[in-house]
Amino acid sequence: MSDVSRGSGTGRGFDRDRDEEGRARSARPRDGLGRPLPYGAEGVERQPEGVVRSPGETLVEAQALLDAGRPFHAHEVFEDAWKSGPDEESGLWRALAQLAVGLTHAARGNATGGARLLRRGATGLTAWAEATGRHRPYGIDTATLTTWATALATEVEGSGRPVDAATRAPTLHGQ
């Protein structure tokens, strides 16, 4: 099978990137917020998938991406931690990934989706911290992140306007 095969799932007859098993690869270039760009356009470098990092490395890399206004890419780093880390921490990394995706949607102008994911991440983070008794895992201030996410969700719902991902990025390590 070639790297690109004819996609017929949408009825539009356009080429879609597929792996050897026929799953979509989504190899199109992406912008800083993870939106697909036309083939041949210059996008931002994508995060490699399936990288196993220590929790500290995960937080450093994700924070750098958040600070650079690339929350979609930070979500991919959190997703790697969620999938490769210990089961008892999956809720932590999943909630952080949801916060990053919520910020992504808020920056793209999707107020409804952004608010929903920010709240889902905040709820997940609070539930995980309460269930484990770990309110500052790896220096992450879960209460401050929950407050940040809830406030941003309310703001984007009320204004309906996109936010600047870099200036609205959270600080993962509390003071």
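This text goes with the structure placed above it.
Residues numbered from 1 in each chain as written. Predicted model: local features only at pLDDT ≥ 70, side-chain atom pairs only at ≥ 80, totals over all residues. Heavy atoms only, no water.

A look at the pattern of salt bridges
And then number 1: What the rule picks out here adds up to seven salt bridges.
And then number 2: A salt bridge links Arg 53 to Glu 61; the shortest N-O distance between them is 2.8 Å.
And then number 3: You can call Arg 53 buried: its relative accessible area is 13%.
And then number 4: A salt bridge links Arg 53 to Asp 80; its shortest N-O distance comes to 3.1 Å. Here Arg 53 is found in the loop between strand S2 (15–17) and helix H1 (55–67), whereas its partner Asp 80 is found in helix H2 (residues 71–84), with 27 residues between them in sequence. In terms of burial, Arg 53 and Asp 80 fall into one category: buried. (Salt bridge = Lys/Arg side-chain N within 4 Å of Asp/Glu carboxyl O. Buried < 20%, exposed > 50% of the residue type's maximum accessible area, 1.4 Å probe, protein only. Helix = DSSP H or I, 4+ residues; strand = E, 2+ residues; numbered from the N terminus.)

Things to note about the packing of H2 against helix H3 (residues 90–108)
And then number 1: Their axes nearest at 8 Å, the elements H2 and H3 cross at an angle of 165 degrees. On the basis of the axis angle, H2 is roughly antiparallel to H3. Between H2 and H3 lies a crossing of left-handed hand. For the pair formed by H2 and H3, the contact residues are Pro 71, Phe 72, Ala 74, His 75, Phe 78, Glu 79, Ala 81 and Trp 82 on the first element and Ser 90, Trp 93, Arg 94, Leu 96, Ala 97, Ala 100, Val 101, Leu 103, Thr 104 and Arg 108 on the second.
And then number 2: Taken together, the residues of the contact of H2 with H3 break down into 12 nonpolar, three polar and three charged. (Axes fitted to C-alpha atoms, helices over the stretch in contact; angles between N-to-C directions. Parallel < 35°, antiparallel > 145°, perpendicular 65-115°, else oblique. Left-handed = near helix turned anticlockwise from the far one by under 90°. Contact = heavy atoms within 4.5 Å. Nonpolar A, V, L, I, M, F, W, Y, C, P; charged D, E, K, R; others polar.)

Focus on the packing of aromatic side chains
And then number 1: Scanning the model with the defined rule gives two aromatic pairs in all.
And then number 2: Note on Phe 78 and Trp 93: the rings are 6.3 Å apart at their centroids and 25 degrees apart in plane angle, and the pair reads as stacked. Within this pair, whereas Phe 78 is found in helix H2, its partner Trp 93 is found in helix H3, the two being separated by 15 residues in sequence.
And then number 3: Judged by centre distance (6.1 Å) and plane angle (25 degrees), the rings of Trp 93 and Tyr 138 are stacked. Of the two residues, Trp 93 is situated in helix H3 and Tyr 138 in the loop between helix H4 (111–132) and helix H5 (142–159); the sequence distance between them amounts to 45 residues.
And then number 4: Judged by its relative accessible area of 2%, Trp 93 is buried.
And then number 5: Taken together, the aromatic side chains of Phe 78, Trp 93 and Tyr 138 make up a single cluster linked through ring pairs.
And then number 6: Over the aromatic face of Tyr 39 sits the side chain of Arg 28, whose NZ or CZ is 5.7 Å from the ring centroid. (Phe/Tyr/Trp six-rings, centres within 6.5 Å; stacked < 30°, edge-to-face > 60°. Lys NZ or Arg CZ within 6 Å of the ring centre and 35° of its normal.)

Some thoughts on the environment of Gly 109
And then number 1: Within the secondary structure, Gly 109 sits in the loop between H3 and H4.
And then number 2: Taking the relative accessible area as the measure of exposure, Gly 109 reaches 32% and is therefore partly exposed.
And then number 3: Taking the C-alpha atoms as reference, Gly 109 lies 4.1 Å from Pro 162; in sequence the two are 53 residues apart.
And then number 4: Those residues in contact with Gly 109, other than ones at most four positions away along the chain, are Gly 160 and Pro 162.

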